[in-house]
Amino acid sequence: MKTQVVGKNLMVNAAAEDLLWAQVKSLAMLLSVIFIVTSIMFTSLKGGIISLVPSLIPVILMFGIMGFFRIPLDIGTAVISSIVIGIGVDYAIHYLSRLKTDLQNGLSFSQALENTVSRSGKAIVSNAATVGLGFVALLFSVLTPLITMGWMITLTMMVSAFCTLVLIPVMLVFIEKRSITGTVDD
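Now for a description of the structure that goes with this document. (Residues numbered from 1 in each chain as written. Predicted model: local features only at pLDDT ≥ 70, side-chain atom pairs only at ≥ 80, totals over all residues. Heavy atoms only, no water.)

Observations concerning the environment of Phe 63
Okay, so step 1: Within the secondary structure, Phe 63 is located in helix α2 (residues 45-68).
Okay, so step 2: Residue classification places Phe 63 among the partly exposed positions, given a relative accessible area of 28%.
Okay, so step 3: Separated by 15 residues in the primary sequence, Phe 63 and Ala 78 place their C-alpha atoms 9.8 Å from one another.
Okay, so step 4: Leave out the neighbours within four places in its chain, and Phe 63 touches Gln 23, Leu 27, Leu 73 and Ser 81. (Helix = DSSP H or I, 4+ residues; strand = E, 2+ residues; numbered from the N terminus. Buried < 20%, exposed > 50% of the residue type's maximum accessible area, 1.4 Å probe, protein only. Contact = heavy atoms within 4.5 Å.)

Quick notes on the packing of helix α4 (residues 109-136) against helix α5 (residues 144-174)
Okay, so step 1: Where α4 meets α5, the axes come as close as 9 Å, and the angle between the chain directions of the two elements is 175°. The pairing of α4 with α5 is recorded here as roughly antiparallel in orientation. Between α4 and α5, the contacting residues are Phe 109, Leu 113, Gly 121, Ile 124, Val 125, Asn 127, Ala 128, Ala 129, Val 131, Gly 132, Phe 135 and Val 136 on the first element and Gly 150, Ile 153, Thr 154, Met 157, Met 158, Ala 161, Thr 164, Leu 165, Pro 169, Leu 172 and Val 173 on the second.
Okay, so step 2: Here the contact of α4 with α5 is composed, by residue class, of 17 nonpolar, six polar and no charged. (Axes fitted to C-alpha atoms, helices over the stretch in contact; angles between N-to-C directions. Parallel < 35°, antiparallel > 145°, perpendicular 65-115°, else oblique. Nonpolar A, V, L, I, M, F, W, Y, C, P; charged D, E, K, R; others polar.)

A few points about the side chain of Ser 51
Okay, so step 1: Position of Ser 51 among the secondary structure elements: in helix α2.
Okay, so step 2: By relative accessible area, which is 0% here, Ser 51 ends up buried.
Okay, so step 3: Looking at Ser 51, its side chain comes within polar contact range of the main-chain oxygen of Gly 48, at 2.8 Å.
Okay, so step 4: With sequence-adjacent residues up to four places away left out, Ser 51 is seen in contact with Thr 38, Val 89, Ala 92 and Leu 96. (Polar contact = N/O pair within 3.5 Å; in protein donor to acceptor, adjacent residues only side chain to side chain.)

Things to note about the packing of α2 against helix α3 (residues 75-104)
Okay, so step 1: The geometry of α2 relative to α3 is characterised by a closest axis approach of 8 Å and an angle of 150° between their N-to-C directions. Comparing their axes, α3 and α2 come out roughly antiparallel. Along this stretch, α2 crosses α3, giving a crossing that reads as right-handed. Contact with α2, carried on its side by Gly 47, Ile 50, Ser 51, Pro 54, Ser 55, Pro 58, Val 59, Met 62, Phe 63 and Met 66, involves Thr 77, Ile 80, Ser 81, Val 84, Ile 85, Gly 88, Val 89, Ala 92 and Leu 96 of α3 and no other residues of that element. (Left-handed = near helix turned anticlockwise from the far one by under 90°.)

Brief notes about α3
Okay, so step 1: Its 30 residues give α3 an end-to-end C-alpha distance of 44 Å, which sits within 8% of 44 Å, the value for a rise of 1.5 Å per residue.
Okay, so step 2: Immediately beyond the C-terminal end of α3, within one or two residues, lies Gly 106, with a positive phi of roughly 95°. (Expected span 1.5 Å × (residues − 1).)

Brief notes about the nonpolar core
Okay, so step 1: Within the largest apolar cluster, 34 residues are counted, with the highest numbers of intra-cluster contacts made by Ile 80, Tyr 91, Tyr 95, Leu 96, Leu 99, Ile 168 and Leu 172.
Okay, so step 2: The element best represented in this core is α3, accounting for 11 residues. (Core = buried A, V, L, I, M, F, W, Y, C linked by side-chain atoms within 4.5 Å.)

Brief notes about unusual backbone geometry
Across residues other than glycine, the phi torsion is negative in most instances, and most of the peptide bonds are trans.
Okay, so step 1: With phi around 50°, Thr 43 is a residue other than glycine that occupies positive phi space.
Okay, so step 2: Among the structural elements, Thr 43 can be located in the loop between α1 (8-41) and α2.
Okay, so step 3: For Thr 43, a relative accessible area of 57% translates into the label exposed.
Okay, so step 4: For Arg 70, which is not glycine, the phi torsion reads 55° and is therefore positive.
Okay, so step 5: With respect to the secondary-structure elements, Arg 70 resides in the loop between α2 and α3.
Okay, so step 6: You can call Arg 70 exposed: its relative accessible area is 74%.

Focus on the side chain of Ser 44
Okay, so step 1: Mapped onto the elements, Ser 44 comes out in the loop between α1 and α2.
Okay, so step 2: Judged by relative accessible area, Ser 44 falls into the buried class, the value being 8%.
Okay, so step 3: One polar contact links the side chain of Ser 44 to the main-chain amide nitrogen of Gly 47, over a distance of 3.0 Å.

Focus on the packing of aromatic side chains
Okay, so step 1: This structure, assessed with the given rule, holds one aromatic pair.
Okay, so step 2: A ring pair is formed by Phe 68 and Phe 69, whose centres lie 5.0 Å apart and whose planes are at 85°; its orientation type is edge-to-face. For the residue pair Phe 68 and Phe 69, the accessibility class agrees, reading exposed in each case. (Phe/Tyr/Trp six-rings, centres within 6.5 Å; stacked < 30°, edge-to-face > 60°.)

Honestly, that's just the spatial picture; any functional story needs more than this.
As structure tokens, then:
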């Protein structure tokens, strides 16, 4: 006599495993494409790596929180990582483009960094705050997946903005400026 597990539980487990591997593949592909595009855009592999920081750290944090609180990976939570990666790379490109422009306009590295923080920093903070507050509205939903999506996107947006405004400048100070900007500094 041969026994075999069948039914809804088997289908749910198979779907969850497929979703996990699809998520891993899509994130790897998305990050690879972003790395290639930003490396070309900033004419530097280091620029490509730096531009991934505001995307990678919030996504790692998000999956860590999900694991700690045993939040299941489902369609709603899987979408969050793609949203966060898009937001993070947008912040990074905005920041690094402003820095590159200021350096090409003849500002010293410290002047360009200060100008970038004061100009792009304000835009990034206001964007993170307003869009984050928009997702806070989901906290008042009656549907648990929407509540989870609301606080996770808001949290990861704030972390992404922090990474852009704090970690990128720190990384830039420790990395050769020429590799990011393609210009020679004072």
